Amino acid sequence: MRIGIGYDIHPLVTGRLLVIGGVTIPFDRGLAGHSDADVLSHAIADAILGALGQGDLGHHFPDTDPRYRGISSLRILEHIAALAERAGEELVNIDTVVIAEAPRLSPHLAAMRTALAKVLGLADDRINVKAKTHEGVGALGRGEGIAAQAICLIQRRSR
Ligand code: MG
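Computed from a prediction, not measured in an experiment: that's the story for all the values here. (Residues numbered from 1 in each chain as written. Predicted model: local features only at pLDDT ≥ 70, side-chain atom pairs only at ≥ 80, totals over all residues. Heavy atoms only, no water.)

1. Thoughts on the pairing of strand 5 (residues 89-99)
Most of strand 5 sits inside the fold, with eight of its eleven residues counted as buried. Relative to strand 7 (residues 145-156), strand 5 runs antiparallel, the two being bridged by ten bridges. Directly across from E90, in strand 7, lies its bridge partner Q155. Between the parallel elements strand 5 and strand 6 (residues 127-132), the chain passes through helix 4 (residues 109-120) in a crossover that is right-handed. (Buried < 20%, exposed > 50% of the residue type's maximum accessible area, 1.4 Å probe, protein only. Helix = DSSP H or I, 4+ residues; strand = E, 2+ residues; numbered from the N terminus. Pairing = 2+ DSSP bridges. Right-handed = clockwise from strand over helix to strand, strands pointing away.)

In structure tokens form, the structure reads like this:
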């Protein structure tokens, strides 16, 4: 078995949709970025790549590449899951934390889990999404951005 960690942060700005874990969440601001800036999907992608020993998301999906402008990060996760499959590895489980002062994410966690599990080809109970505020501390606490952490365990596929 091998394990990988992922972390991501994006600034909150006006005029963008807020997409977290593949779910569009009603809010007056969204995350800025080259893709849909889905901070949770990006953290998960980096955790999987870390477990595979295959670098990071920026290496596989450079933000200088116009093909990835506005891309749904669920497509990125599909691609990363296919990399794992090709490497003969299966995803065992993924745990995550989203750190957002606002909006309240708890009503959306189940939908995020379902969307992520589907795109990664996992049973829902193999992926967990938790949300925390930053207790008003620092830039995240002032709501200047949203961050996410993920950890992923993989194992060699038995045949
Ligand atoms: Mg990102």
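2. Section: the pattern of salt bridges
Considering all chains together, one arrives at eight salt bridges under this definition. Residue R156 pairs with E89 through a salt bridge whose shortest N-O separation is 2.8 Å. Of this pair, R156 sits in strand 7 while E89 sits in strand 5; the two residues are 67 residues apart in sequence, bridging distant segments of the chain. Assessed through its relative accessible area of 53%, R156 is described here as exposed. (Salt bridge = Lys/Arg side-chain N within 4 Å of Asp/Glu carboxyl O.)

3. Looking at the packing of aromatic side chains
Scanning the entire structure with this criterion turns up one aromatic pair. For the ring pair F61 and Y68, a centre distance of 4.8 Å and an interplane angle of 65 degrees mean the geometry is edge-to-face. (Phe/Tyr/Trp six-rings, centres within 6.5 Å; stacked < 30°, edge-to-face > 60°.)

4. Quick look at the layout of surface pockets
Its boundaries defined by the atoms lining it, the largest pocket holds a volume of some 290 Å³. Along the walls of the largest pocket sit 16 residues, with H42, L57, G58, F61 and D63 positioned nearest its centre. The set of elements that each furnish at least two residues to the lining of the largest pocket consists of strand 1 (2-13), helix 1 (39-52) and helix 2 (57-60). Here the residues of the lining of the largest pocket sort into seven nonpolar, six polar and three charged. By volume, the second largest pocket amounts to about 170 Å³. Counting residues per element, the ones that place at least two in the lining of the second largest pocket are helix 3 (73-86), strand 5 and helix 4. Grouping the amino acids of the lining of the second largest pocket by side-chain chemistry returns six nonpolar, one polar and five charged. (1 Å grid on protein atoms, 1.4 Å probe; cavity = no way out; pocket = protein on both sides within 12 Å on 5 of 7 lines; lining within 4 Å. Points joined across faces, edges and corners; volume = space filled by probe spheres on them. Nonpolar A, V, L, I, M, F, W, Y, C, P; charged D, E, K, R; others polar.)

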